[in-house]
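# An overview of the molecular structure
Below, each chain spelled out in residue letters.
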Amino acid sequence: MDNTRVYRMSFASVYPLYIKKAERKGRTKEEVDEVIFWLTGYDKQTLQQQIDRKADFETFFAEAPAMNPNVSKITGVICGYRVEEIEDKLMQKVRYLDKLVDELAKGKAMEKILRK
């Protein structure tokens, strides 16, 4: 599978979709941000810089300050793939983020989403 198209997508173009998905289910932009901060190590300022620069997913994850050491605890199916079995490390990171936002939208407790 050629993942180049996904890697070249602007994170800034997908970010509002994450927020919209969460808000439709009664969650907030702040909760989406918290999930992103937990996963990537970005903070409010550095996340905004990535959005303003229209960084693609490849750059977004390459420049992430620190992927959370508990990412291996993220398991399950997203887009038909088990996230823990995805061999392409960049695609796995993208799917981790998708999975976390999905869990948020499904009403899962933040404590469980952040694998505490």
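Below or above, wherever it landed, is the structure these notes cover. (Residues numbered from 1 in each chain as written. Predicted model: local features only at pLDDT ≥ 70, side-chain atom pairs only at ≥ 80, totals over all residues. Heavy atoms only, no water.)

### Some thoughts on the overall build of the chain
For the chain, the count of helices and strands is seven helices and two strands. A compact globule built from 116 residues should have a C-alpha radius of gyration of about 13 Å, and the chain, at 13 Å, falls within 12% of that. Dimensions of the chain along its principal axes, counting C-alpha atoms only, are 30 × 30 × 25 Å. Expressed as a percentage of its 116 residues, the buried residues of the chain come to 48%. Considering only contacts in the chain between residues 6 or more positions apart, those separated by 24 or more positions represent 64%. (Helix = DSSP H or I, 4+ residues; strand = E, 2+ residues; numbered from the N terminus. Rg over C-alpha atoms; globule rule 2.2 N^0.38 Å. Buried < 20%, exposed > 50% of the residue type's maximum accessible area, 1.4 Å probe, protein only. Contact = heavy atoms within 4.5 Å.)

### Side note on the packing of helix H2 (residues 11-24) against helix H3 (residues 29-40)
Helix packing for two helices is described by the angle between their axes and how far apart those axes are. The interhelical angle for the contact between H2 and H3, taken along N-to-C directions, is 125°, at an axis separation of 9 Å. Relative to H3, the element H2 is oriented oblique. Here H2 and H3 pass one another in a crossing that is right-handed. The segment H2 lies against H3, with Phe 11, Tyr 15, Tyr 18, Ile 19, Ala 22 and Glu 23 engaging Lys 29, Val 32, Asp 33 and Ile 36. Partitioning the contact of H2 with H3 into residue classes produces seven nonpolar, no polar and three charged. (Axes fitted to C-alpha atoms, helices over the stretch in contact; angles between N-to-C directions. Parallel < 35°, antiparallel > 145°, perpendicular 65-115°, else oblique. Left-handed = near helix turned anticlockwise from the far one by under 90°. Nonpolar A, V, L, I, M, F, W, Y, C, P; charged D, E, K, R; others polar.)

### Remarks on the nonpolar core
Grouped together as the largest cluster of nonpolar side chains are 37 residues, with contacts concentrated most on Phe 11, Leu 39 and Leu 97. Contributions of two or more residues to this core are made by helix H1 (4-8), H2, H3, helix H4 (44-52), helix H5 (57-62), helix H6 (89-105) and helix H7 (110-113). Element by element, the count of residues in this core is highest for H6, at eight residues. If sequence neighbours within four positions are ignored, Leu 39 has contacts with Phe 61, Ala 66, Met 67, Asn 68, Val 71, Ile 74, Lys 93, Tyr 96, Leu 97 and Leu 100. (Core = buried A, V, L, I, M, F, W, Y, C linked by side-chain atoms within 4.5 Å.)

### Considerations on the side chain of Gln 50
With respect to the element layout, Gln 50 can be found in helix H4. A distance of 3.3 Å separates a polar atom in the side chain of Gln 50 from a polar atom in the side chain of Tyr 42. Residues contacting Gln 50, with those up to four places away along its chain left out, are Tyr 42, Ala 55, Thr 59, Phe 60 and Glu 63. (Polar contact = N/O pair within 3.5 Å; in protein donor to acceptor, adjacent residues only side chain to side chain.)

### Looking at the packing of aromatic side chains
Taken as a whole, this structure holds six aromatic pairs when the rule is applied. Through a chain of ring-to-ring contacts, three or more aromatic side chains come together here, namely Phe 11, Tyr 15, Tyr 42, Phe 57, Phe 60 and Phe 61. (Phe/Tyr/Trp six-rings, centres within 6.5 Å; stacked < 30°, edge-to-face > 60°.)

### Some words on the side chain of Arg 95
Mapped onto the elements of the fold, Arg 95 is located in helix H6. Under the relative-accessibility criterion, Arg 95 is labelled buried at 13%. Arg 95 has contacts with Ile 78, Cys 79, Val 83 and Ile 86, leaving out every residue within four places of it along the chain.

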